Amino acid sequence: MRVVVVGATGNVGTAVVRALAADDSVTSIVGVARRLPGWRVDRTDWRQADVATADLARIFDGADAVVHLAWLFQPTRSPAVTWRANVLGSMRVFRAVAEAGVPSLVHASSVGAYSPAPKDQPVDESWPTHGWPGAAYGREKAYVERVLDVFEHDHPTVRVVRMRPGFIFQRAAATEQRRLFGGPFVPGRLVKTGRVPFVPDIPGLRMQVLHAEDAAQAYRLAVTGRARGAFNLAAEPVIGPNELAGLLGARTVRVPERMAKAVMAAGWHLRLLPAAPGLLELVLRMPIMKTDRAREVLGWTPRHSSLQALRELFDGLHDGAGMETAPLAPDKGPAGRVRELATGIGRRP
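Here we summarise the structure given alongside this text. (Residues numbered from 1 in each chain as written. Predicted model: local features only at pLDDT ≥ 70, side-chain atom pairs only at ≥ 80, totals over all residues. Heavy atoms only, no water.)

**A look at helix α3 (residues 79-100)**
In plain terms, the rule: Going along the chain from the N terminus, every DSSP run of H or I of four or more residues is numbered as a helix, and every run of E of two or more is numbered as a strand. Each residue after the first adds 1.5 Å to the expected span of a helix. By definition, a residue's bend is the angle between the axes fitted to the seven residues ending there and the seven starting there. Each residue's exposure class comes from its accessible area (1.4 Å probe, protein chains only) as a fraction of the maximum for that residue type: buried when under 20%, exposed when over 50%, partly exposed otherwise. Two residues qualify as a contact provided that any one of their heavy atoms is within 4.5 Å of a heavy atom in the partner residue.
Taking 1.5 Å of rise per residue, 22 residues should cover 32 Å, and α3 covers 30 Å from first to last C-alpha, within 8% of that figure. Along its length, α3 reaches its greatest deviation from straightness, about 30°, at G89. Among the residues of α3, T82, A85, N86, V87, G89, S90, V93, F94, A96, V97 and A100 are the ones counted as buried. Its buried side turned inward, α3 meets α2 (56-60), β4 (65-68), β5 (104-108) and α4 (136-154).

Structure (structure tokens):
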């Protein structure tokens, strides 16, 4: 089986490549990335390509499955750039799958594609995927879901799988997460038990988390099996302020939603944070997902709890962890922080 992984050098991509390489039914993997990695994996060849411009059909030729993971989170201050990469790039990937005659497409959607829902009523895969209009991430994930609806209608012989995971963490991606969402002013070494004074208890701050290795196993099962449709992916327990405070040895402090949004908006407008304020609104409104279908149809069971995944993230933040790919490059100290400042903190990728 020959599998092409688009966006193979990021948080999920590296884990998916490792999972596929460990599966004897997968004989060949093509990892596609904008920047070639120093990292090497058995039975994996690398292709340098940008989904917005490359001849993807040529790369996909002869593949049994394409896993589409490529996604640009930054620059939040230039939404046309992320739209071109994420929406138009995804459209080009889907078109190339059809042109190359690839029989299976596994696409990375997200819990962020779902419409808002009460946090006390978990939703299954039939819940509407219209996103939250105030956040570019939600708008783009939801739009790609509509594009995929049309693709499935026009190409019924292609087996399409949509993964809708919660937040995905692993130790090696900790520095990437800090760069994307926290920025250069986040003191990673202070992210340690007993050093964080408090966790904000914001109404609606409940989210689902899973480890990258568990997400990768779900993708592997989707690639090598016959399942179709959408699958929610998350581990237990659901994470709220109390769980975060317990991991960090901190106390919780009640913070009104309006105040939290105002603080985040001020940080973004002052160019202290790369994450746009709409992202917080999205997190507060996204639903809690049922994961029964992934367990029953894919045969997927996460090996790590959500607390274990978060603990790896916090340990990785403290240590400046990373690996030999451009997205996951480890913390390079003051020189690296200066380079982050040069991007305008959300103005350039």
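Moving on from the coordinates now.
**What about the nonpolar core?**
As a reminder, the rule being used: Only buried residues count toward a nonpolar core, which is a set of Ala, Val, Leu, Ile, Met, Phe, Trp, Tyr and Cys residues joined through side-chain atoms within 4.5 Å.
Counting 42 residues, the largest nonpolar core has V5, M163, Y219 and L298 as its most contacted members. Residue assignment for this core shows that the elements contributing at least two residues are β1 (2-6), α1 (11-21), β4, β5, β6 (159-165), α6 (212-224), β10 (229-233) and α10 (292-298). When sequence neighbours within four positions are dropped, the list of residues in contact with V5 reads V16, V17, L20, I29, V30, G31, V32, V67 and L69.

**Examining a nonpolar patch on the surface**
Condition: To count toward a patch, a residue needs a relative accessible area above 30% and no salt bridge. Like charges then connect within 9 Å, nonpolar side chains (Val, Leu, Ile, Met, Phe, Trp, Tyr) within 5 Å. Each accessible area is a Shrake-Rupley estimate made with a 1.4 Å probe; only the visible protein chains count as cover when residues are assessed. Counted as salt bridges are all cases of a side-chain nitrogen of Lys or Arg within 4 Å of a carboxyl oxygen of Asp or Glu.
A cluster of nonpolar side chains, contributed by F185, L270, L272 and L341, occupies part of the molecular surface with about 400 Å² of accessible area. In this fold, L272 is placed in the loop between α8 (257-269) and α9 (278-285).

**Observations regarding the sheet that holds β10**
We apply this condition: Any two strands with at least two DSSP-identified bridges between them are counted as paired. Helix axes are fitted to C-alpha atoms over the stretch in contact, other axes to C-alpha atoms as well, and angles between N-to-C directions run from 0 to 180 degrees.
Across the sheet, which stays open at both edges, the 7 strands sit in the order β3-β2-β1-β4-β5-β6-β10 with parallel pairing between neighbours. Only two strands of the sheet have a single partner each, and these edge strands are β3 (44-48) and β10. Sheet twist, expressed as the mean angle between neighbouring strand axes with direction ignored, is 20°. Relative to strand β2 (residues 28-33), β1 runs parallel, the two sharing 5 bridges. Opposite R2, over in β2, you have S28 as the bridge partner. In this fold α4 packs onto β5 and β6, with an angle of close to 165° to the strand it touches most, β6.

Purely spatial values, then, with no claim about function.
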